[in-house]
Amino acid sequence: IGLKVNDKQTLSVSIMPEDASDKTINWVSSNPSVVSIDENGFVTAKAIGSATITATTSNLLSAECKVSVIDPNGVITIQAEDLTSTGGSVDDSFANGPGLGFNINGTVINYGNGGDWAEYNQKLIIANEGYYQFTYIIACPSNGATAKLSIPAISFTSTTNIPNNNAGTPQGWDKYNVIVAPDKAYLTPGTYTIKIEAGGPMWAWNLDKIEVVNIGSEIPSGIRNIARDIKISPNPANEVLNISGLSNEVFKARIINSQGVEVLMHNNSNTEINISHLPQGLYILQIITDNKEVKNIKFQKVFHL
């Protein structure tokens, strides 16, 4: 489930048989500083982050619920200095840089050269399904710089041209502008790793933070919803999904699981997709045509029809 900071919700479990003599439940949060839970299953979202709530019966049967907590204003902020790994191909130690990769300097990362990258492992926490917009707070007194953001779990990549702030050097390295990425990512609830890579000149840019905002479930500008009556069958499905209504056009299809992870990419015009290897569960089939039309269809994978 997804909550905002200070939200409260009561969780419940079903114990079978209904006339069981002992219905005692022990509730535990894996991260009580983020999500607390009392003996009655009453959850309080205390801080941005995620936690797993485990309910255990007296005979040690258990069930889990993952809770993601986001900023009450709906803005997910990834602070640049919170990177978990970095690297690159330009050794800037001759200029007092870190060598390969970015340098953490207080609340920013600097010494960003073309080819340098920073990874934020499991730092993007998504509570609600929808399209997300990415905004950089970034300083760039150079020409020809780019920032490439990728989310490996869903094969998403977006490259942004970072304009010269015309402040000159060294002042320009401390003049941060707001730059919005051109592409939006469709994300389902879950925790994601993101990676950002500098492109262009040896001295490319410094980064303060990345802000991520849910812009809703409607298709964003530049991408059109497929108006045609596209259907899949069967649903629920066991081994094969059949797509109808595409008129033999070129398209790609992505299957995303309930954790927001892409589990299958289909890149041809074959309207039959083999899903026999997928575990049982709920999925989203996202169909994207060559002329930037998109349609999302939910389906259930079962072991036997």
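Structure shown above.
A tally of regular secondary structure across the protein chain gives zero helices and 27 strands. C-alpha extents for the protein chain along the principal axes are approximately 75 × 55 × 30 Å. Here the protein chain holds 305 residues, and the buried ones make up 43% of them. The long-range fraction of contacts in the protein chain, counting pairs at least 24 apart against all pairs at least 6 apart in sequence, stands at 66%. Here the protein chain has roughly 15100 Å² of accessible surface; of this, 47% comes from carbon and sulfur atoms. Distance from the positive charge centre (20 side chains) to the negative charge centre (28 side chains) of the protein chain: 5 Å.

The sheet built from five strands is open, its strands ordered β9-β12-β18-β14-β15 with antiparallel pairing. The sheet is open, and its two borders are formed by β9 (85-87) and β15 (156-162), each paired with just one other strand. Here the strands of the sheet are splayed against their neighbours by 25° on average, with no regard to which way each runs. Pairing of strand β14 (residues 145-151) with β15 involves seven bridges; the strand directions are antiparallel. Following the sheet pairing, Ile151 is matched in β15 by Phe156.

Let us look at unusual backbone geometry. The peptide bond linking Ser233 to Pro234 adopts the cis configuration, its omega dihedral lying at -10°. Tracing the chain through its elements places Pro234 in the loop between β21 (231-233) and β22 (240-244). Cis geometry is adopted by the peptide bond preceding Pro236, which originates at Asn235 and carries an omega value of 15°. With respect to the helices, strands and loops of the structure, Pro236 is situated in the loop between β21 and β22. Although it is not a glycine, Leu60 adopts a positive phi angle of roughly 70°. The backbone phi angle of Tyr111 is positive, close to 55°, even though this residue is not glycine. The class of Tyr111 is partly exposed, set by a relative accessible area of 24%.

For Ser29, the location among the structural elements is in strand β3 (residues 25-29). A polar contact is formed between the side chain of Ser29 and the backbone oxygen of Val35, at a distance of 2.6 Å. For Ser29, the residues in contact, after removing those within four places along its chain, are Val35, Ile37, Ala51, Thr52 and Ile53.

Thresholds applied
- Residues numbered from 1 in each chain as written.
- Predicted model: local features only at pLDDT ≥ 70, side-chain atom pairs only at ≥ 80, totals over all residues.
- Heavy atoms only, no water.
- Helix = DSSP H or I, 4+ residues; strand = E, 2+ residues; numbered from the N terminus.
- Buried < 20%, exposed > 50% of the residue type's maximum accessible area, 1.4 Å probe, protein only.
- Contact = heavy atoms within 4.5 Å.
- Areas by Shrake-Rupley, 256 points an atom, 1.4 Å probe, with all protein chains shown as cover.
- Lys, Arg positive; Asp, Glu negative; His and termini not counted.
- Charge placed at Lys NZ, Arg CZ, Asp CG, Glu CD.
- Pairing = 2+ DSSP bridges.
- Axes fitted to C-alpha atoms, helices over the stretch in contact; angles between N-to-C directions.
- Polar contact = N/O pair within 3.5 Å; in protein donor to acceptor, adjacent residues only side chain to side chain.

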